[in-house]
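Examination of the molecular architecture
Listed here are the chains, written in short residue letters.
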Amino acid sequence: MISSRIHNLKPLRWCTSGPFRVVAGRRHYASIPKPPRAKLDENVVNIVEVGPRDGLQNEKGAIIPVDVKIDLINRLVRAGITNVEAGSFVSPKWVPQMAGTAEVLKGISRLPNVHYAVLVPNQKGLDDLLALLDQNPTSPPLTDEVSVFTGATDAFSKANTNCTVAESLDRLRPVTRNALDSGLRVRGYVSVVIVCPFSGRVDYKRVREVAKELIDMGCYEVSLGDTVGQGRPHDIAEMLEEVKKGIPVSKLAFHDTYGTGVANIFSALEHGVRTFDSSVGGLGGCPYSPGATGNVATEDVLYALQESKYHISGSSFGGGTIDLEKISDIGWWISERLGRENVSRVSRAIRARRNREDEKRLRIMTTGFLTQSFVFDPRPSYPLLSVVKRYWKQDSPYFDDLDALTLFFIHGAGFHKEQWEPSIDDLQSILDRKSGTSNVKIREIWTMDAPNHGDAGVLNEHALKLGYQHICTFSYDASSLVAAEELARIIHLFLSGLGTGVDHDFTGHNLVGIGHSMGAACLTLSLGYYPKINFVSIILCEIIIAPGKFMLPLGDLLISGTESKRDIWASKEEAYIFFKSKGSRFGTIAF
Ligand SMILES: CC(C)(COP(=O)([O-])OP(=O)([O-])OC[C@H]1O[C@@H](n2cnc3c(N)ncnc32)[C@H](O)[C@@H]1OP(=O)([O-])[O-])[C@@H](O)C(=O)NCCC(=O)NCCSC(=O)C[C@@](C)(O)CC(=O)[O-]
């Protein structure tokens, strides 16, 4: 049975080193932990994310800035990736996109237990890396792993590294030895294991021999690359049957030119392979194989293995695995950043699903409001901008109706103007249901962002950092009043028709102000400024809005506190006396 033979495959061992020490004048950079002695879970699958190296090296056009590469790697690691190819120490004349790998290594936010591998094609590449490590003795080290590479055919090897396979192996032997002596772990690559773009079908015996050479040199594992992406599951099976006669197969890399990348991975899983190279968004290609698309997309691999007997290993950032949704976001981000197509089928499906969900959310606005957002600029009366949004119905019979109401909503601390959309929707649905029996007529609705919330927070980001950090927040001390005055001022300026950006005159509107929490306090305070805003009514909401989990410990207490508060008085005068007796400025201003 295939499975019993597969499970007899011996897992490859790392080349380990002891703690940091100096050997023959050269430092050991990595204090590489020994692999756990516990029995390996045969269903754990490892992903090596090769997008930042194998993916980006093939990008045509402008050189990708170092900070984009750093950002890409940091994002990937924060999605749970624990093995990432960070770059190459190659000649920029040969692979221009890999220029700046030293800066990339220095710039990434290195996390423990993550391997940031770099490719070295020759001794010069390794020397450059070792010099960098010498100059930057960090903990954890800038990297603890290098990759060396060759091909299964002379034609490919000559095109890629200007030498035959045998010559390249001769070149890599001392490189690998030196890297191991310096405490780095070394991984090997064999390219074109199925089809060579120059010499056609590949002899799998040759793949076995070359892979064995790399293992004998000291590589802890060898990645077998279907570089051209023409392999099919049965090709992979045949190749593996041959290769594993000589070495334990541990790792495979697939390109996805014919769309068989994921199927090939399943074929390899059947043969006991548990580590796969993949690339976010399917980044990559093969310069020597016209039409070859990139690596198999990480998203596609993650999706295919979800809910299977296999478990993808990842860091705590991905919840112990690799977070597919985050990887998909990164795939879109980098594809859009590079102006390239995102070739991950799964990412496209995820985007389509999200679009459907968004549409559904929008359709919840069944009440059919048109909306428009405006940047409200109150300068010079007030230094920060706000963003306001208008909701109206195209066919509303109430535009010129003097009895109709204009609702003005202002949100609480930590929210934004869109907080109100479900409430607006519910309100309109109720009115629609009561059509003919309700005398409530809505002319239009406005919502507003506090200057440090929502869209306005983005617009004011710079100014906020220069000294407005503490505005429009909620606290229980006197500073909350000062903070609230800020929002009160901008509400007042907007509704008074001051400032620019919104060509709308609220004079003659029957304004109803609705404020939640901090917004309720600010709305109340806005009544204290001149000229007076003539609200026909204000509605102050103190309801708690929070996710259920958060509500558990405090929810009942807060709700019962709110419910027990007095909110009805026989007259305005009585209410005024009540608030004055409590020393409440919020309350007294309202009257
Ligand atoms: C290997 C060489 C250098 C031989 O190329 P060569 O021309 O025979 O080498 P050379 O020793 O005569 O050097 C030529 C020039 O390059 C410089 N040089 C030499 N080495 C370096 C270095 N490390 N870093 C920086 N500079 C270097 C060297 O100093 C010299 O500079 P010059 O005197 O002309 O100013 C060349 O062929 C080369 O760099 N090839 C790049 C191959 C490469 O990176 N390919 C992509 C990675 S492999 C891959 O993607 C496949 C894989 C791994 O993903 C698996 C799969 O999917 O198939």
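The rules behind each value
Residues numbered from 1 in each chain as written. Predicted model: local features only at pLDDT ≥ 70, side-chain atom pairs only at ≥ 80, totals over all residues. Heavy atoms only, no water. Helix = DSSP H or I, 4+ residues; strand = E, 2+ residues; numbered from the N terminus. Buried < 20%, exposed > 50% of the residue type's maximum accessible area, 1.4 Å probe, protein only. Contact = heavy atoms within 4.5 Å. Areas by Shrake-Rupley, 256 points an atom, 1.4 Å probe, with all protein chains shown as cover. Patch = residues over 30% accessible without salt bridge, like charges linked within 9 Å, V, L, I, M, F, W, Y side chains within 5 Å. Salt bridge = Lys/Arg side-chain N within 4 Å of Asp/Glu carboxyl O. Near = heavy atom within 4 Å. Polar contact = N/O pair within 3.5 Å; in protein donor to acceptor, adjacent residues only side chain to side chain. Nonpolar A, V, L, I, M, F, W, Y, C, P; charged D, E, K, R; others polar. pLDDT = per-residue confidence, 0-100. Lys, Arg positive; Asp, Glu negative; His and termini not counted. Axes fitted to C-alpha atoms, helices over the stretch in contact; angles between N-to-C directions. Left-handed = near helix turned anticlockwise from the far one by under 90°.

Observations regarding the overall build of the chain
For the chain, the helix and strand inventory stands at 21 helices and 19 strands. The burial tally for the chain puts 50% of its 591 residues in the buried class. Relative to all contacts within the chain whose residues are 6 or more apart in sequence, the contacts with residues 24 or more apart total 73%. For the chain, the accessible surface area stands at approximately 28,200 Å², while carbon and sulfur atoms represent 54% of it.

A few points about a nonpolar patch on the surface
A contiguous nonpolar patch, built from Ile544, Leu558 and Ile559 and spanning about 200 Å² of accessible area, is present on the exposed surface. Among the structural elements, Ile544 can be located in the loop between strand 19 (535-541) and helix 19 (548-564). The exposure class assigned to Ile544 is partly exposed, which follows from its relative accessible area of 32%.

Observations concerning the site of the ligand
As a matter of local geometry, the ligand sits amid 23 residues, with Gln57, Asn160, Asn162, Ser191 and Thr227 nearest to it. A distance of 2.8 Å is found between an oxygen atom of the ligand and a side-chain nitrogen or oxygen belonging to Arg53. At 2.8 Å from an oxygen atom of the ligand is found a side-chain nitrogen or oxygen belonging to Lys93. For the ligand, the accessible surface in isolation is 1,100 Å², of which the surrounding protein chains cover 73%. Contributing elements (two or more residues each) for the shell around the ligand: helix 2 (51-55), helix 5 (123-135), helix 6 (154-161) and strand 7 (185-191). Among the residues forming the shell around the ligand, the class breakdown is eight nonpolar, ten polar and five charged.

Observations regarding the pattern of salt bridges
Scanning the model with the defined rule gives 32 salt bridges in all. Between Glu242 and Arg208 there is a salt bridge, with the nearest N and O atoms lying 2.9 Å from each other. Here the residue Glu242 occupies a position in helix 9 (residues 233-243), and Arg208 occupies one in helix 8 (residues 204-217), the gap between them amounting to 34 residues. Among the ionic contacts, a cluster of salt bridges with common partners joins Arg53, Asp54, Glu85, Glu145, Arg185 and Arg187.

With respect to the confidence of the model for the chain
This prediction gives the chain a mean pLDDT of 84; 83% of its residues lie at or above 70. Model confidence for the chain, summarised as mean pLDDT per element, is weakest for helix 1 (residues 2-7) at 24 and strongest for helix 7 (residues 165-181) at 98. In this model residues 1-38 is a low-confidence stretch, pLDDT under 50, and it forms 70 contacts with partners more than four residues away in sequence or in other chains. Across the assembled chains, the prediction reports ipTM 0.97 with pTM 0.65.

Considering the environment of Ala304
Structurally, Ala304 is set in helix 11 (residues 298-305). Residue Ala304 is classed as partly exposed on the basis of its relative accessible area of 25%. Considering only alpha carbons, one finds Ala304 and Ala263, 41 residues apart in sequence, at a separation of 9.2 Å. Once residues lying within four places of it in the same chain are set aside, the contact partners of Ala304 are Val262 and Phe266.

Some points on the side chain of Asp226
Here Asp226 lies in strand 10 (residues 221-226). One buried charged residue, Asp226, forms no salt bridge at all, with the nearest opposite charge on Arg201 at 8.3 Å. Engagement of the side chain of Asp226 in a polar contact is seen with the backbone nitrogen of Gly231, the distance being 2.8 Å.

Notes on the packing of helix 9 against helix 10 (residues 261-270)
Between helix 9 and helix 10, the least distance of the axes is 8 Å, while the angle of their chain directions is 35°. Helix 9 and helix 10 meet at a crossing whose hand is right-handed. In this structure, helix 9 uses Pro233, Ile236, Ala237 and Leu240 to contact helix 10, whose residues at the interface are Ala263, Asn264, Ser267 and Ala268. Of the residues contributing to the contact of helix 9 with helix 10, the split by class is six nonpolar, two polar and no charged.

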